[in-house]
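The primary structure of each chain is shown beneath.
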Amino acid sequence: MATVRIIDVTPRDGLQDAPGYVPVPDKVQLIQGLLGAGVPAIEVTAFVSPRWSPLIADGEEVLGQLRDHQGEWIALVPNLKGVQRAIRAGVDAVTLVVSASESHNRANLNRSRDETLNLLQDAARLARQQGLRIRGAVSTAFDCPFEGRVALSAVLEVVARYLAMGVDEIILADTLGTATPRLIKERVQAIKAVAPEKTVGLHLHDRRGWGLANVAVAYEYGVQEFEAALGGLGGCPYAPGAAGNLDLERLVEFFEAQGVSTGIAGDRLVEVRQRVLTVIAQGLPAPETSKKMEG
């Protein structure tokens, strides 16, 4: 039976700009529920400054309560300090991030694209030394909220820098949720041409309802790793107009209906989604952080 690998990003991307804070015990329960449903890998947190993402500033505490659980833990990291925190927290993989468009990179990371890529060289080197799987994410790989359509050449420039760092996989992110099947085909084919031995994954948002059409095309052209979030939660706080993530339950149902195994029990996700949405709806404020946790 054909298979695909689905990575859940609810605890990080899904909750980073939610209207209410999800306390650590509830985040741990969320992750346990995802594991129980068969989700193989989860992006638990981002090791960034709590000033920028206060709703997920508790990553170390969450991961500390997961040490006895069997799962693959992933953390998004923007620089060397983020990797250092990820190593101490005991993750299995790190996702490096840079935007293909200059304007979004400055809005999201407060520095130029080239400065970010230079900083990530040391981050990737340390991650590799520690035996972590390294994932290179390309934000605004299709459209930018400030510049419009992003040239394929800009995406390939970032990919080339990632390959020089020795990343294990390339993740294309449709940050705005406006990619089309034609663009998916174009960019997936281009990356597979320059990095045929690397895993290519997709992180899709779904602003126009084309998400599953994009998944279908990507799968036809060899993509077998997709990221999604419960209930389509999430979005980019530094991308005006960005939509929520691809819906995890719909993605599982889509593949299973076509005889492609995800290893995930879709019916078990319903209760997990309802529980986390109930907590978010309470509108709890993020706790104040006394420590400086620069990322």
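These numbers were taken from a predicted model, which means no experiment stands behind them.

A. Spatial organisation of unusual backbone geometry. Here the phi dihedral of Asn110 falls at roughly 65°; this positive angle occurs in a residue that is not glycine. Summarising the element assignment, Asn110 is placed in the loop between α5 (102-109) and α6 (113-129). Not every positive phi belongs to a glycine, and Thr140 is a case in point at roughly 45°. Checked against the element boundaries, Thr140 lands in the loop between β5 (133-139) and β6 (143-144). Judged by relative accessible area, Thr140 falls into the buried class, the value being 0%.

B. Inspection of the environment of Gln84 at higher detail. Within the secondary structure layout, Gln84 lies in helix α4 (residues 80-89). Through-space distance from the C-alpha of Gln84 to that of Ala127 is 8.3 Å; in sequence the pair is 43 residues apart.

C. Main features of the nonpolar core. Core analysis: the largest hydrophobic core is formed by 89 residues, its most contacted members being Leu96, Val138 and Tyr162. Here Leu96 is in contact with Val77, Leu120, Ala123, Ala124, Ile134, Arg135, Gly136, Ala137, Tyr162, Met165 and Val167, once residues within four sequence places are set aside. Ala41, Ile74, Ala93 and Ala229 belong to the second largest nonpolar core, which has six residues in total.

D. A look at the pairing of strand β8 (residues 169-174). Extensive coverage of β8 is indicated by the burial of six of its six residues. Residue alternation in β8 divides its side chains into two sets, Glu169, Ile171 and Ala173 and Ile170, Leu172 and Asp174, and both sets are buried. Examined bridge by bridge, β5 and β8 share four bridges and lie parallel to one another. Directly across from Val138, in β8, lies its bridge partner Leu172. Summarising the sheet, β8 and strand β9 (residues 199-204) pair through six bridges and their orientation is parallel. When the bridges of β9 are listed, Ala173 appears paired with His203.

E. Layout of the pairing of strand β3 (residues 72-77). Extensive coverage of β3 is indicated by the burial of six of its six residues. Here β3 shows no split at all, with Glu72, Ile74 and Leu76 on one side and Trp73, Ala75 and Val77 on the other all buried. Each parallel crossover has a hand, and for strand β2 (residues 41-46) linked through helix α3 (residues 59-64) to β3 it is right-handed. One ladder, built from four bridges, connects β3 with strand β4 (residues 93-99); its direction is parallel. The residue of β4 that forms the bridge with Ala75 is Val94.

F. Fine view of the layout of surface pockets. One number sums up the size of the largest pocket: a volume of about 680 Å³. Elements represented by at least two residues in the lining of the largest pocket include exactly α1 (10-14), β2, β4, α5, β5 and β8. Residue classes in the lining of the largest pocket are distributed as 14 nonpolar, 14 polar and eight charged.

G. The environment of Leu55, seen in detail. Its place among the elements puts Leu55 in the loop between β2 and α3. Setting aside residues up to four positions removed in sequence, Leu55 forms contacts with Leu15, Gln16, Asp17, Ala18, Gly20, Tyr21, Lys27 and Ala286.

H. Spatial organisation of the packing of α4 against α6. Across the interface, α4 lies against α6 with an axial gap of 8 Å and an inter-helix angle of 20°. In terms of orientation, α4 and α6 fall into the roughly parallel class. Taken as a pair, α4 and α6 cross one another with a handedness that is right-handed. Taken together, the residues of α6 that come into contact with α4 (itself represented by Leu80, Val83, Gln84 and Ile87) are Asp122, Ala123, Leu126 and Ala127. For the contact of α4 with α6, the class distribution of residues is six nonpolar, one polar and one charged.

I. The arrangement of the pattern of salt bridges in detail. Following the criterion strictly, the structure yields 19 salt bridges and no others. A salt bridge links Glu225 to Arg135, with the shortest nitrogen-to-oxygen separation between them at 3.3 Å. Taken together, the residues span a long stretch of sequence, with Glu225 in strand β10 (residues 225-228) and Arg135 in strand β5 at a distance of 90 residues. Glu186 is paired through a salt bridge with Arg187; the nearest N and O atoms lie 2.9 Å apart. Take Glu186: its relative accessible area is 30%, and that puts it in the partly exposed class.

J. The arrangement of the side chain of Ser261 in detail. Mapped onto the elements of the fold, Ser261 is located in the loop between α10 (248-256) and α11 (269-281). Here the side chain of Ser261 touches Gly263 through a polar contact of 3.4 Å, landing on its backbone nitrogen. Every residue in contact with Ser261, bar those within four places of it in the chain, is listed here: Met1, Ala2, Thr3, Val4 and Glu256.

K. Geometry of the confidence of the model for the protein. Confidence along the protein averages 94 in pLDDT terms, with 96% of residues attaining 70 or more. Overall, residues 290-295 carries pLDDT values under 50, and its contacts beyond four positions in sequence, including any with other chains, amount to 18 contacts.

Scoring rules and cut-offs
- One numbering rule holds for all chains: residues counted from 1, following each sequence as written.
- Reporting in this predicted model follows two pLDDT cut-offs: at least 70 for local features of residues, and 80 or more for side-chain atom pairs to be given and counted; totals over whole chains, interfaces and linings ignore these cut-offs and use all residues.
- Side-chain figures throughout are based on the complete set of non-hydrogen atoms in the structure, without hydrogens or water.
- A helix here means a DSSP run of H or I that spans at least four residues, while a strand means a run of E at least two residues long, and both kinds are numbered starting from the N terminus.
- Burial classification: accessible surface area is computed with a 1.4 Å probe over protein chains only, and a residue below 20% of its type maximum counts as buried, one above 50% as exposed, and the rest as partly exposed.
- Among the buried residues, those of types Ala, Val, Leu, Ile, Met, Phe, Trp, Tyr and Cys that are joined through side-chain atoms within 4.5 Å form a nonpolar core.
- Throughout, a residue-residue contact means that at least one pair of heavy atoms, one from each residue, lies within 4.5 Å.
- One bridge is not enough; two strands pair if DSSP finds at least two bridges between them.
- With strands facing away from the observer, any crossover in which the path from the first strand over the helix to the second runs clockwise is taken as right-handed.
- Each cavity reported here is a set of points on a 1 Å grid over the protein atoms alone in which a 1.4 Å probe fits but cannot get out, each pocket an open set with protein on both sides within 12 Å along at least five of seven lines, and each lining residue one with an atom within 4 Å of a point.
- Grid points are joined across faces, edges and corners, and a volume is the space filled by probe spheres set on the points.
- For this classification, Asp, Glu, Lys and Arg are treated as charged, while Ala, Val, Leu, Ile, Met, Phe, Trp, Tyr, Cys and Pro are nonpolar and the rest, including Gly, are polar.
- Note on geometry: axes are lines fitted to C-alpha atoms, helical ones only across the stretch in contact, with angles between N-to-C directions running from 0 to 180 degrees.
- Any angle that falls under 35 degrees is termed roughly parallel, while one over 145 is termed roughly antiparallel, one within 65 to 115 roughly perpendicular, and all others oblique.
- Handedness of a helix crossing follows the sense of rotation of the near helix relative to the far helix, less than a right angle counterclockwise being left-handed and clockwise being right-handed.
- What makes a salt bridge here is a side-chain nitrogen of Lys or Arg within 4 Å of a carboxyl oxygen of Asp or Glu, nothing more.
- Any pair of N or O atoms that falls within 3.5 Å is considered a polar contact. Within protein, one atom must be able to donate a hydrogen and the other to accept it, and sequence-neighbouring residues count only if both atoms are side-chain atoms.
- The predictor's confidence in any single residue is recorded as pLDDT, a number from 0 to 100.

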